[in-house]
Each structure stands twice: as C-alpha cells, then as structure tokens.
Amino acid sequence: MGVLHGSMSYLRFAVIGTVPSNYVEQYESTMEMRRFIPLHPEAEDIDSAGWVPAQKPFADDEPITNAHFLFGERMVFAFREDVMSYPKPMLRDLVAQRLDQYREKTGAEPHGEIRHKAELAVRAELRRKILPRSKVVDVLWDHSRAELRFFSRGKGVVERFTKLFEQTFSMQLREKTFADLAISAELSLREKGMLEGLRPHEIFALKQRVEAEAYG
Amino acid sequence: MGDLTFLGPEFLTWLYFYIDQEGGEIKAGKPEARITVGKSILLKPLANPDMRVAILSPMLDDSGEVLQAIRAGAHVESMALDVVVGEHIHCLTVNGTDGSLSQVKTRYLFAEQESKMDLAGFDEPSQGPKKKKLTDEESVLIRMSALDEIEAIVDSLFQKFLLRRLGQSFVQQDLTAIRLSVAEGLKARLPPIDHAKRQPSHLEEQPVAYPA
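Residues numbered from 1 in each chain as written. Chains lettered and ligands numbered in written order. Predicted model: local features only at pLDDT ≥ 70, side-chain atom pairs only at ≥ 80, totals over all residues. Heavy atoms only, no water.

1. A closer look at the overall build of chain A
Rule in force here: What counts as a helix is a DSSP run of H or I of at least four residues, what counts as a strand is a run of E of at least two, and both are numbered from the N terminus. With C-alpha atoms as the basis for the radius of gyration, the globule rule is written as 2.2 Å multiplied by the number of residues raised to the power 0.38. Burial classes follow relative accessibility: with a 1.4 Å probe on protein chains only, a residue under 20% of its type's maximum area counts as buried, one over 50% as exposed, and anything between as partly exposed. Pairs of residues are marked as contacts when any of their non-hydrogen atoms sit within 4.5 Å. With residues, only the protein chains shown are counted as cover, and all accessible areas are computed by Shrake-Rupley using a 1.4 Å probe. Charged residues are defined here as Lys and Arg on the positive side and Asp and Glu on the negative side; His and the ends of the chain fall outside this count. Note that the charge is assigned to NZ on lysines, CZ on arginines, CG on aspartates and CD on glutamates.
Within chain A, the secondary structure is distributed over eight helices and seven strands. Against the compact-globule benchmark of 17 Å for 216 residues, chain A has a radius of gyration of 25 Å, which places it well outside the compact range. Counting only C-alpha atoms, chain A reaches 80 × 70 × 30 Å along its principal axes. Relative to its 216 residues, chain A shows a buried fraction of 40%. Here the analysis covers contacts within chain A between residues at least 6 apart in sequence; of these, 70% occur between residues at least 24 apart. Counting every atom, chain A has about 12300 Å² of accessible surface; 53% of that belongs to carbon and sulfur. Of the charged side chains in chain A, 32 are positive and 33 negative; the average position of the first set lies 3 Å away from that of the second.

2. Re helix H5 (residues 155-169) of chain A
What counts is decided by this rule: One less than the number of residues in a helix, times 1.5 Å, gives the span that helix is expected to have.
Over its 15 residues, H5(A) extends 21 Å from the first C-alpha to the last, a length consistent with the 21 Å expected when each residue adds 1.5 Å. Taken together, the buried positions of H5(A) are Val157(A), Val158(A), Phe161(A), Thr162(A), Leu164(A), Phe165(A), Thr168(A) and Phe169(A).

3. A closer look at unusual backbone geometry
Peptide bonds are mostly trans, and most non-glycine residues show a negative phi. Residue and element names in this part refer to chain A. Positive phi is not limited to glycine here, since Ala-146 has a value of about 50°. Following the sequence through the fold, Ala-146 ends up in the loop between strand E5 (133-142) and strand E6 (147-150). Taking the relative accessible area as the measure of exposure, Ala-146 reaches 34% and is therefore partly exposed. Even without glycine at this site, Ser-170 takes up a positive phi of about 50°. Take Ser-170: it is sitting in the loop between H5 and strand E7 (172-175). Judged by relative accessible area, which is 64%, Ser-170 ranks as exposed.

4. Comments concerning the packing of aromatic side chains
Residues and elements named next belong to chain A. Rule in force here: Side-chain rings of Phe, Tyr and Trp, where Trp is taken by its six-membered ring, are said to pair if the distance between their centres is within 6.5 Å; with planes under 30 degrees apart they count as stacked, over 60 as edge-to-face, and otherwise as tilted.
Inspection of the entire model under this criterion finds 26 aromatic pairs over all chains. Taking 5.9 Å as the distance between ring centres and 65° as the angle between the ring planes, the aromatic pair formed by Trp-51 and Phe-79 counts as edge-to-face. Here Trp-51, found in strand E2 (residues 47-52), pairs with Phe-79, found in strand E4 (residues 74-83); they are 28 residues apart in sequence, far enough to count as distant. Classification of Trp-51 as buried rests on a relative accessible area of 0%. Ring geometry for Trp-141 versus Phe-165: centroids 5.1 Å apart, planes at 65°, classification edge-to-face. With Trp-141 in strand E5 and Phe-165 in helix H5, this pair connects stretches of sequence that are 24 residues apart. By relative accessible area, Trp-141 is classed as buried at 1%. The exposure class of Phe-165 is buried, given its relative accessible area of 0%.

5. What about the pattern of salt bridges?
Convention followed: Here, a salt bridge means any Lys or Arg side-chain nitrogen found within 4 Å of an Asp or Glu carboxyl oxygen.
Summed over the entire model, instances satisfying the criterion amount to 30 salt bridges over all chains. Between Glu62(A) and Lys56(A) there is a salt bridge, with the nearest N and O atoms lying 3.6 Å from each other. For Glu62(A), a relative accessible area of 23% gives the class partly exposed. Taking relative accessible area as the criterion, Lys56(A) reaches 40% and is therefore assigned partly exposed. Of the charged contacts in the structure, one is a salt bridge between Arg164(B) and Asp174(B), with a shortest N-O distance of 2.8 Å. Here the residue Arg164(B) occupies a position in helix H4 (residues 136-166), and Asp174(B) occupies one in helix H5 (residues 169-188), the gap between them amounting to ten residues. Exposure remark for Arg164(B): the relative accessible area of 22% places this residue in the partly exposed category. Three or more residues are tied together by salt bridges with common partners; here these are Arg12(A), Arg74(A), Asp142(A), Arg145(A), Glu147(A), Arg149(A), Lys176(A), Asp148(B), Glu151(B) and Asp155(B).

6. Description of the packing of H4(B) against H5(B)
All names here are of chain B. For clarity, the cut-off: Orientation is described by lines fitted to C-alpha atoms, with helices fitted over the stretch in contact, and by angles between N-to-C directions that extend from 0 to 180 degrees. To sort the angles, those under 35 degrees are grouped as roughly parallel, those over 145 as roughly antiparallel, those from 65 to 115 as roughly perpendicular, and the leftovers as oblique. The classification used treats Ala, Val, Leu, Ile, Met, Phe, Trp, Tyr, Cys and Pro as nonpolar, Asp, Glu, Lys and Arg as charged, and all other residues, Gly among them, as polar.
Two elements in contact, H4 and H5, have axes whose closest approach is 6 Å; the angle formed by their N-to-C orientations is 115°. Comparing the axis directions of H4 and H5 gives the class roughly perpendicular. In this structure, H4 contributes Phe-161, Arg-164 and Arg-165 to the contact, and H5 contributes Ser-169, Phe-170, Gln-173 and Asp-174. Its residues placed into classes, the contact of H4 with H5 shows two nonpolar, two polar and three charged.

7. A short note on the side chain of Ser152(A)
Residues and elements named next belong to chain A. Our working definition: Counting of polar contacts relies on pairs of N or O atoms within 3.5 Å, with two restrictions inside protein: one atom must be capable of donating a hydrogen and the other of accepting it, and residues adjacent in sequence are counted only when both atoms are side-chain atoms.
Mapped onto the secondary structure, Ser-152 falls in the loop between E6 and H5. By relative accessible area, which is 9% here, Ser-152 ends up buried. At a separation of 3.5 Å, a polar atom in the side chain of Ser-152 contacts the main-chain amide nitrogen of Gly-154. For Ser-152, the contacting residues outside a window of four places in its chain are Ser-9, Tyr-10, Leu-11, Lys-135, Val-137, Val-157 and Val-158.

8. Focus on the interface of chain A and chain B
Operational definition: Defined in terms of a 1.4 Å probe, buried area is the accessible area two parts forfeit on being brought together, summed over both.
Each side of the interface is counted separately: chain A has 48 residues, and chain B has 59 residues. Both sides of the chain A and chain B interface together cover about 4700 Å² of buried area, and 63% of this is carbon and sulfur. Looking at the side of chain A facing chain B, the largest losses of area belong to Phe178(A), Ile203(A) and Phe204(A), adding up to 19% of the total buried there. In this structure, the connection of chain A to chain B is made through eight salt bridges. Two residues, Asp148(B) and Arg145(A), come together in a salt bridge whose shortest N-O distance is 3.5 Å. Looking at the side of chain A that touches chain B, the elements with two or more residues in it are strand E1 (8-16), E4, E6, helix H6 (178-183), helix H7 (189-196) and helix H8 (207-214) of chain A. A breakdown of the residues in the side of chain A that touches chain B according to their chemical character gives 24 nonpolar, ten polar and 14 charged.

Note that all results are geometric; they support no functional claim without further evidence.
Printed below as a string of structure tokens:
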C-alpha cells in the first residue's frame, strides 16, 4: 500500500543534491536505463531490482515516461524487486530423486560435482514452474521540499532502494529520523552545544540493573 | 555529534504523559489539531531492545501495563495517535527509532464528506451508489497533503519536546511529573483492601483466653 491506495506506512528522507533544470528528460532516460528487468526463466540470476511506473508496476514492456511519474513538483514512481526463491524441502527431495536415478543408472555413488550439477538441473526445472516473489514499493519525491517518502520500512529493501536511487539520480539520501530532525532544527548556539552533549535520560532505571546492583 | 537515536523513544514517552496530563487531549500546530493517544503502543527499554511490551486496546491504560513497563525502565518505541484537524481525522502510528509513520488513514468528520473520503481512496468504498473515481493526480494531491498536515503536527510537537529537553524544564518539571504520574497511576490501580475479609497475620497479636 502506498501513494495511490490504502493506508500508508513510510520512511522520510532528505534528498541531498541539486535537481537539474532539464530533469524531466534527464530522469526519464536515467530511470529507463535502470528500469526493472524481469528474471528470465532460462537465466541463472536469482534476483532483479529496478524502477517501474507506480500505476503499472507489472507491465514490463511499458516505458517509464514523465506522463507516469510527474505530478507537478512531485515525482511518483515505484521500486520493484523480484527474488526467485525455491522451497527448500522441495529442492532437497528433487535433488535426492535425481541422485537416486544416477545411482541406478551408473551403480556409482555421486560425488561433489555430480551433486552440484543435479542441483543446478533441478533449479533450472523449478525456475520454469515457479513465479518469482515480487515486491513493489512506491516512492514520492517532492522537489520543492527536497524530501522523499519511501512506502516501506524493511531494512533490507531500504538499503537496496537507497543504493539504486543514488546510482540513478547521483544524489544522496539521508533518513529523517528524530535524531536527524534534532540536528537540523533551528537552534541557538547554546542549544546546539547542549545537543552535542546530550545523553539518554532514564525515567526509571532498568529493573534488572537495579536488581543486579542491589545484589552486588 | 553523538548517537541521538534515543530522542525518538524519549519524545514519544514524553508525549504520552503530556497528553495524559492534559486530560487525554492536546492541541498543537497551525491550523490547530486535537491529538489523542490511539489504540496501540509498543514499549522497550533503551538499553535492551529484546524486551518489549505491546498493548493493543481501545482503552490503552486501563490495566496499568503501560505504567508498569515505564516503571520497569521502558520507553515508548511506537504509539498510535488520532489527530483531528478541521474536518480530517488522521489515524497513524509514530515510530520512535526511525521516525517513520505507519498505518496512516484519513477519515472525514461529517457525513457529506464521507463521499469525498471514498473518492480519495483513503478507505474502502462504502455500500451505496457508485462514486466517481479520482484520477491518480487528484489522489496523490489529496493523500500527500494529508501527510504534509500530519508531519507538520508531529514535527511541531517534537520541536516543543526538543526545546524542553535541551533546557532545564525536562529534568526539573517533566521527569518529575512523569514519575509522579506513574506512581499515582499504579497506586490507583491497586486492588482495594477489604478489611472485613482480611485474615489476621500470624505476626499480629492473638487474643489470649485466660482461665476464669
């Protein structure tokens, strides 16, 4: 759920850098360069990530144009990642089946390389039957405030998104946590000095520590 | 600058008691918003994130669990808030550690606005005649202006907390008030002692029967 539908859960980022004057054309081409490319059934890679239009995240042939992503001074697009994941018990059983066939056929015990080849063959077979796990996360970039909203909070996906964003747009992202709000707040010199030396305050000491201290 | 991640949980803990001390509702921001605590809260000690207390209830502190967790050394990690600004009712959860907002939903106060709510895609469409669907551009505009409104309120409350935290008022007034509030709240939740049913302790003096 994100920009267009449903309840919204998101992280806030400050975008550090300058948006070029011809950003519409420039971003159209840079996003197209790093657009999402679906996993091929015959290929060996197990994950893929890139940009897609937020309105049609699964229309793989649809080009990303400014008609999709431009909303006044805001840009709306989506980060999609597909991961091919094989159910482990299924993989184990099918590999064992293959190795049994090898034993029956040759009468010999399969060694390391044969086992590896059997696993690769099973993975290739499964790949044609199993759909990859897809995740689509909406992104809203407000140029007027140099802010970005990423509609997911998962640590891994945030890291991968940040990396791709920085590669695509040559700009840095800084997460807007409360600590960051405090650092960027308008404060007097005295208050800034106080902030630098700030330590957590305990309302009540942690129970275990109190007990540990009491019992030496 | 040192690690200031503790400011988020400290802010939410302060906010919980600030709302409580103002009678369950505070006013903040421009245009003025009325803010109350929502239906869920998550508490964790700053020093031990593996321990946690999660409470999900329309009457959050009836049982006193929040106060007990605070008394045991926990801070508020995330907290649901209901924010009313003009005709909008925003329900959201503020997360202290990463500053994110989650489960943000917006409704309208008045019945005639409900149709707009459906159009805005904030909620599932209600039963009844089919309404015109908004364009993507209209949806983005309405939904993002709701987020702008909410963020401005949360940021203004954080700014208020930060100025108190950097001054003397946090230690001299707020912490004392929180400790008092916890002590009084827990005391008020102690079960009443029924003196009539009370069994005498073996330490108490027993009446001695003297021979006639």
